[in-house]
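Here are the chains, one letter per residue:
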Amino acid sequence: MGARPLLNRRLAGMGTTIFAEMSALATATGSINLGQGFPDTDGPQEVREAAVRALREGRGNQYPPGPGVPELREAIAEHQQRFHGLVYDPDREVLVTAGATEAIAAALLALLEPGDEVIAFEPFYDSYAACIAMAGAVRVPLTLRQPAFRPDLDELRSLITPRTRLLLINTPHNPTGTVLTPEELAAIAELAVEHDLLVITDEVYEHLVFDGAHHPLAALPGMRERTVAISSAGKTFSFTGWKVGWVTGAPELVAAVRTAKQYLTYVSAGPFQYAVAEALRLPDAYYAEFRAELHRKRDLLAAGLTEAGFRVFEPQGTYFITTDITPLGEKDGIEFCRALPARCGVVAIPNAVFYDRTEIGLAQVRFAFCKRESVLREAVERLHRL
Ligand code: GLN
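## A few points about the overall build of the protein chain
So, point 1. Helix and strand content of the protein chain: 13 helices and 13 strands.
So, point 2. Relative to its length of 386 residues, the protein chain is compact, with a C-alpha radius of gyration of 20 Å against a globular reference of 21 Å.
So, point 3. Across its three principal directions, the C-alpha atoms of the protein chain cover 55 × 55 × 50 Å.
So, point 4. When burial is assessed residue by residue, the protein chain has 56% of its 386 residues classed as buried.

Rendered as structure tokens:
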């Protein structure tokens, strides 16, 4: 095999994702895992029953249709209309994917040519950097800076070059919890139209907004025809292990993403699709109660982290809180997170790994609050020992 590195150079240095590394550390040390974002309580019982029923009745046990089962595509279209007033044709404008992760990969692989530039908010969700690299494209960071983590729209304008092909917008934003305002969305839309850019929006936390509201970019003038919107059942219904995600957009965009998707997974797991179709049709009360519960948990963990000496940047959405560890006399979040399990039995994520320029986010550490209140209280008590 000679001296040539085995791993494709586009993935060089991308080793194991921080989420896998930190969850393994939590298991090995028996720590409370506030790192990787997954709830410690499963989603609604009736949705689980729907999955069991589908399995038993033989719905989806063999390859489902490539774009997703019609029941789910219809439910996704209904959801987009019910919550966002967006009308999509379930046959031509909706695609079911293996989680939002596959949707992101398929969209980037489908829409980019080598050398294209993609502007995305830094800190980046980790799969963005990897998938942009796999497409041979170039990521261009628009840094969200503490304490407010707002996008600087003049800076965005200055980053656009003739090679810019695509804006990759994540709102609510992981890990900072920033939710774009209608004014920020309008300014981004204007730039996209002016420069004829494609847009991918990652909206997996669309129902987890505590301050303000989530507005899809695709609803703005001139955006529907250029926007691939991505979401997922993982966060909204607390079934992150089911890996059911989706794409909505104009027919040509969805057709392009579908072409790439076919050769990644071909189709996504069948029985879960029927269950997610039922989940999407849950009454408004489900969504409202879920949001209220997470809102309480956000406030609980934010107060606890503040008391424990962290500087807390209160998130408007998602289920993550970004903190600054400087007041604790710490500088390096990566070292801090590696040592935290031994020091006090808690696992967190160093935001530094989501930055190209690590030093900008070096002192930032992210905690997930999608856990039972008793678990959050215990974690806070442990963090007090620091
Ligand atoms: N999105 C989740 C997080 O940010 C983790 C997903 C993953 O493990 N890739 O924690």
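From this point on, the discussion continues.
## Side note on helix H3 (residues 70–84)
So, point 1. Taking 1.5 Å per residue, 15 residues should reach 21 Å; H3 reaches 21 Å between its end C-alpha atoms and fits that length.
So, point 2. Along H3, the residues classified as buried are Leu-72, Arg-73, Ala-75, Ile-76, Ala-77, His-79, Gln-80 and His-84.
So, point 3. Summarising the contacts, the buried residues of H3 are in contact with strand S2 (94–98), strand S8 (244–248), helix H10 (270–280) and helix H11 (284–307).
So, point 4. Just downstream of H3 lies Gly-85, where phi reads positive at about 70°.

## Comments concerning the pairing of strand S7 (residues 227–232)
So, point 1. Of all six residues in S7, six are buried, a share of seventy percent or more.
So, point 2. For strand S6 (residues 198–202) and S7, the ladder comprises four bridges, and the chain directions are parallel. Paired with Thr-201 across the strands is Ala-229, a residue of S7.
So, point 3. Bridge count between S7 and S8: four bridges; the pairing is antiparallel. In the sheet register, Ser-232 faces S8, and the bridge partner there is Gly-245.

## Focus: the pattern of salt bridges
So, point 1. Enumeration according to the criterion identifies 24 salt bridges in this entry.
So, point 2. The partner of Arg-338 in a salt bridge is Glu-21, and the shortest N-O contact between them spans 3.1 Å. Of this pair, Arg-338 sits in helix H12 (residues 333–344) while Glu-21 sits in helix H1 (residues 18–29), and the two are 317 residues apart along the sequence.
So, point 3. Arg-338 gets classed as partly exposed once you look at its relative accessible area, which sits at 48%.
So, point 4. Here Lys-261 makes a salt bridge to Glu-102, at a shortest N to O gap of 3.0 Å. Placement of Lys-261 in helix H9 (residues 251–262) and of Glu-102 in helix H4 (residues 99–111) is noted, with a sequence separation of 159 residues between them. The pair formed by Lys-261 and Glu-102 is uniform in burial state, with each residue classed as buried.
So, point 5. Each member of the salt-bridge network shares a partner with another, and the members are Asp-211, Arg-298, Asp-299 and Glu-314.

## A short note on the site of the ligand
So, point 1. If you check the shell around the ligand, you find Phe-19, Gln-36, Gly-37, Tyr-125, Asn-174, Tyr-205, Lys-235, Phe-320 and Arg-366 and nothing else.
So, point 2. Within the side chain of Asn-174, an N or O atom sits 2.8 Å from an oxygen atom of the ligand.
So, point 3. Within the complex, 79% of the 290 Å² of free accessible area of the ligand lies under protein.
So, point 4. Spatially, the ligand is embedded in the second largest pocket.
So, point 5. Grouping the constituent residues of the shell around the ligand by class yields four nonpolar, three polar and two charged.

## Concerning the environment of Gly-68
So, point 1. Mapped onto the elements of the fold, Gly-68 is located in the loop between helix H2 (45–56) and H3.
So, point 2. Residue Gly-68 is classed as buried on the basis of its relative accessible area of 1%.
So, point 3. C-alpha separation for the pair Gly-68 and Ser-268, spaced 200 residues apart in sequence, amounts to 7.2 Å.

## With respect to the sheet that holds strand S9 (residues 311–313)
So, point 1. One open sheet holds the four strands; their spatial order is S9-S10-S13-S12, and the pairing between them is antiparallel. In this open sheet, the two strands that pair with only one neighbour each are S9 and strand S12 (349–350).
So, point 2. Bridge count between strand S10 (residues 320–324) and strand S13 (residues 364–368): five bridges; the pairing is antiparallel. The residue of S13 that forms the bridge with Asp-324 is Gln-364.
So, point 3. Sitting on the sheet, H11 touches S9, S10 and S13, and the angle it makes with S10 is about 15°.

## Observations regarding the sheet that holds S8
So, point 1. What the seven strands build is an open sheet, ordered S2-S8-S7-S6-S5-S3-S4; its pairing is mixed. Of all strands in the sheet, those bounded by a partner on one side alone are S2 and strand S4 (138–143). Neighbour to neighbour, the strand axes of the sheet diverge by 25° on average, direction disregarded.
So, point 2. Sheet contacts for H3: S2 and S8; angle to S2, the most-contacted strand, approximately 110°.

The rules behind each value
- Counting restarts for each chain, with residues numbered from 1 along the sequence as it is written.
- It should be noted that, the model being predicted, local features are given only for residues of pLDDT at least 70 and side-chain atom pairs only at 80 or more, the latter also being counted only at that level, while totals for whole chains, interfaces and linings use all residues.
- Hydrogen atoms and water are omitted, and side-chain values are computed over all heavy atoms in the structure.
- A run of H or I in DSSP becomes a helix once it reaches four residues, and a run of E becomes a strand once it reaches two; helices and strands are each numbered from the N terminus.
- Throughout, radius of gyration means the C-alpha value; the globule benchmark is 2.2 Å times the number of residues raised to the power 0.38.
- Residue exposure (1.4 Å probe, protein chains only): buried if accessible area is under 20% of the type maximum, exposed if over 50%, otherwise partly exposed.
- Multiply 1.5 Å by the residue count of a helix minus one, and that product is the helix's expected span.
- Any two residues whose heavy atoms approach within 4.5 Å at even a single point are treated as in contact.
- In this analysis, strands are considered paired if DSSP registers two or more bridges between them.
- Any carboxyl oxygen of Asp or Glu within 4 Å of a side-chain nitrogen of Lys or Arg constitutes a salt bridge here.
- In this text, near means that some heavy atom of the residue lies within 4 Å of the molecule or strand in question.
- Nitrogen and oxygen atoms within 3.5 Å of one another constitute a polar contact, given that in protein one can donate a hydrogen and the other can accept it, and given that sequence-neighbouring residues count only through two side-chain atoms.
- In these tables, accessible area is a Shrake-Rupley quantity obtained with a 1.4 Å probe, and a residue counts as shielded only by the protein chains included in the view.
- The way it works is a 1 Å grid over only the protein atoms, where trapped points that fit a 1.4 Å probe form a cavity and open points with protein on both sides within 12 Å along at least five of seven lines form a pocket, and then any residue with an atom within 4 Å of a point lines it.
- A molecule is said to be in a cavity or pocket once over half of its atoms fall within 2 Å of that pocket's grid points.
- Charged residues are taken to be Asp, Glu, Lys and Arg, nonpolar residues to be Ala, Val, Leu, Ile, Met, Phe, Trp, Tyr, Cys and Pro, and polar residues to be all remaining types, Gly included.
- In this description, a line fitted to the C-alpha atoms serves as the axis of each element, helices being fitted only across the stretch in contact, and the angle between N-to-C directions of two axes falls anywhere from 0 to 180 degrees.

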